[in-house]
Amino acid sequence: MPTPTTSAVDRQRAGKQSLAARKALLEARIEQQRIDVLVSAERWRQATRRIDALYHAAQRWKAPFYGLAGVMIWQSLRRPKGLRRLAGRAFGLAMTARRLRRAIK
């Protein structure tokens, strides 16, 4: 029969080894999860790149758009028919530009 001190020391060594192995395994899993998160974040950025560009363009043009809208509202209060005619011309111009852009592509 082994002495109690020997078996206790052996158990303690085995516990330390298994603890070190578990720690190494957990650290490896955490590192892999960090890599997965970084890859997923980069994929998300690539997928939403066009939406972000559109959002930033809208933010850049927000103040001029508000100014133009204010002028148009002011003009519509003064001469309602003129705004209707201007809107029709702007719509026609926008549609023509769109068709030209598609024809060029």
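Just above sits the structure.
The rules behind each value
- Residues numbered from 1 in each chain as written.
- Predicted model: local features only at pLDDT ≥ 70, side-chain atom pairs only at ≥ 80, totals over all residues.
- Heavy atoms only, no water.
- Helix = DSSP H or I, 4+ residues; strand = E, 2+ residues; numbered from the N terminus.
- Buried < 20%, exposed > 50% of the residue type's maximum accessible area, 1.4 Å probe, protein only.
- Areas by Shrake-Rupley, 256 points an atom, 1.4 Å probe, with all protein chains shown as cover.
- Salt bridge = Lys/Arg side-chain N within 4 Å of Asp/Glu carboxyl O.

## Examining the overall build of the chain
Argument step 1. Scanning the chain from terminus to terminus reveals 4 helices and 0 strands.
Argument step 2. Ordered by position from N to C terminus, the α and β elements of the chain give α-α-α-α.
Argument step 3. Looking at the chain residue by residue over its 105 residues, the buried ones come to 2%.
Argument step 4. Per element, the accessible surface of the chain, about 10,300 Å² overall, is 64% carbon and sulfur.

## Notes on the pattern of salt bridges
Argument step 1. In the structure shown here, the tally under the stated rule is 2 salt bridges.
Argument step 2. The closest approach of N and O atoms between Glu42 and Arg45, which form a salt bridge, is 2.7 Å. With Glu42 and Arg45 both in helix α1 (residues 4–47) and 3 residues apart, this pair spans about one turn of that helix.
Argument step 3. Overall, Arg45 belongs to the partly exposed group, its relative accessible area being 48%.

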